[in-house]
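Residue-level structure breakdown
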Amino acid sequence: MENGDLREDLKIIPTIFNFWGMLSGLIQLATNKENYIQNTMNLSKKQFLDYGFQMLYQSIAKEK
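Residues numbered from 1 in each chain as written. Predicted model: local features only at pLDDT ≥ 70, side-chain atom pairs only at ≥ 80, totals over all residues. Heavy atoms only, no water.

Considerations on the confidence of the model for the chain
Convention followed: As a per-residue quantity, pLDDT reports the predictor's confidence and falls between 0 and 100. By definition, any uninterrupted DSSP run of H or I lasting at least four residues is a helix, any uninterrupted run of E lasting at least two residues is a strand, and each is numbered from the N terminus.
Looking at the chain as a whole, its pLDDT mean stands at 95, while 100% of the residues score no less than 70. When pLDDT is averaged over each element of the chain, helix α2 (residues 34–41) comes out on top at 98 and helix α1 (residues 12–32) at the bottom at 96.

Description of the pattern of salt bridges
Keep this limit in mind: Basic side-chain nitrogens of Lys or Arg form a salt bridge, by our definition, when they fall within 4 Å of a carboxyl oxygen of Asp or Glu. Accessible area is worked out with a 1.4 Å probe on protein chains only. A residue is then buried under 20% of its type maximum, exposed over 50%, and partly exposed in between.
If you walk through the whole model with that rule in mind, you get three salt bridges. Where Arg7 meets Asp9, a salt bridge forms, and the shortest distance between an N and an O atom there is 2.9 Å. Arg7 gets classed as partly exposed once you look at its relative accessible area, which sits at 30%.

Notes on the nonpolar core
What counts, and what does not: We define a nonpolar core as any set of buried Ala, Val, Leu, Ile, Met, Phe, Trp, Tyr and Cys residues linked to one another through side-chain atoms lying within 4.5 Å. Contacts were defined at the residue level, with two residues in contact if any of their heavy atoms lie within 4.5 Å.
Membership of the largest hydrophobic core is limited to nine residues, which are Leu10, Phe19, Leu26, Ala30, Ile37, Phe48, Leu49, Leu56 and Ile60. In terms of residue count, the dominant contributor to this core is helix α3 (residues 45–60) (four residues). When sequence neighbours within four positions are dropped, the list of residues in contact with Phe48 reads Leu26, Leu29, Ala30, Ile37, Met41 and Leu43.

Quick word on the environment of Lys33
If you trace the backbone, Lys33 turns up in the loop between α1 and α2. Classification of Lys33 as partly exposed rests on a relative accessible area of 45%. Expressed as a C-alpha distance, the spacing of Lys33 and Lys45, which sit 12 residues apart in the sequence, is 8.9 Å.

Right, here's the structure in full:
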């Protein structure tokens with residue numbers, strides 16, 4: 001936030017806990033459903049995670 005990269009309306013502690021849960025869930029999903037993700041979405045585990053991480057970041061990033 002100090003660098004101006006994140007939205008200023010975010011509540012720090014709730015955002016941290018939400019992100020923790022979302023990241024944990026995303027990583028767990030990618031690990032447990034790797035074959036399904038590959039077969040149905042034609043994405044590797046890494047591609048799936050990269051996409052998810054980018055989506056999460058965009059949800060808190062300041063619009064430029």
